Amino acid sequence: MTNSSVYVGNLHEGVNNRVLYDILIQAGYVIDLYIPYDMETNKHKGFAFVKYETKEIADYAVKLFSDIVILYEKTLKFAISRPMTTPNIPSRPSSNRRVYGK
């Protein structure tokens, strides 16, 4: 199984789906962008996951963005994410999740 998901860390609280998507799309086709939110504070947890169309695009995104993307004076961290199974975590309403289709 190839993994085309990228972990994006060190997000400032002002970063939202649109801002992050506009950066991430520069590497290639984005299938899904997920920013987990804390159920109690309703603020995101400071990280996100992006799923690209292919593993090659995900690898390219990590190389392209690592150590150069700075938002709100915070340098974002990029890494290929581990393959995940279905989480046992309650999800936030669907307004948090963006699915991009062709």
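Position numbers for residues count from 1 along each chain, tracking the sequence in the order it is written. In view of the model being predicted, local features appear only for residues whose pLDDT reaches at least 70, and side-chain atom pairs are presented and counted only at 80 or more, with totals across whole chains, interfaces and linings using the full set of residues. The side-chain values count all of the structure's non-hydrogen atoms but skip hydrogen atoms and water molecules.

For the protein chain, the name recorded in an unreviewed UniProt entry is RRM domain-containing protein, with Solanum lycopersicum as its organism. UniProt positions are given in the numbering used here, feature names are shortened, and annotations may be inferred rather than shown by experiment. Checking UniProt for the protein chain, the heading Subcellular location (unreviewed entry) contains the comment "Nucleus, Nucleoplasm".

(A) Structural detail: helix α2 (residues 55-65). For every residue, the accessible area obtained with a 1.4 Å probe (protein chains only) is divided by the maximum for its type, and the residue is called buried under 20%, exposed over 50%, and partly exposed between those limits. Strands are runs of DSSP state E lasting at least 2 residues, helices are runs of H or I lasting at least 4, and numbering of each runs from the N terminus. When we look at burial in α2, the residues that qualify are I57, A58, A61, V62 and F65. Buried residues along α2 cover an arc of 140 degrees about the axis, so they all sit on one side. Every exposed residue of α2 that faces more than 90 degrees away from the buried side is listed here: E56 and K63. On its buried face, α2 sits against β1 (5-9), α1 (17-24), β3 (47-52) and β6 (77-80). Backbone geometry just after α2 places D67 at a positive phi near 65 degrees. Arc definition: directions from the helix axis to the C-beta atoms. Residues are treated as being in contact if the distance between any of their heavy atoms lies within 4.5 Å.

(B) Structural view of the pattern of salt bridges. By salt bridge we mean one thing: a side-chain nitrogen of Lys or Arg within 4 Å of a carboxyl oxygen of Asp or Glu. One pass over the full model with this rule turns up two salt bridges. Residue D22 is joined to R18 by a salt bridge in which the shortest nitrogen-to-oxygen separation is 3.0 Å. With a gap of four residues between them, D22 and R18 both fall in helix α1, about one helical turn apart. You can call D22 partly exposed: its relative accessible area is 40%. Classification of R18 by relative accessible area gives partly exposed; the value is 47%. With a shortest N-O distance of 2.9 Å, D59 and K55 are connected by a salt bridge. With D59 and K55 both in helix α2 and four residues apart, the pair spans about one turn of that helix. The exposure class assigned to D59 is partly exposed, which follows from its relative accessible area of 25%.

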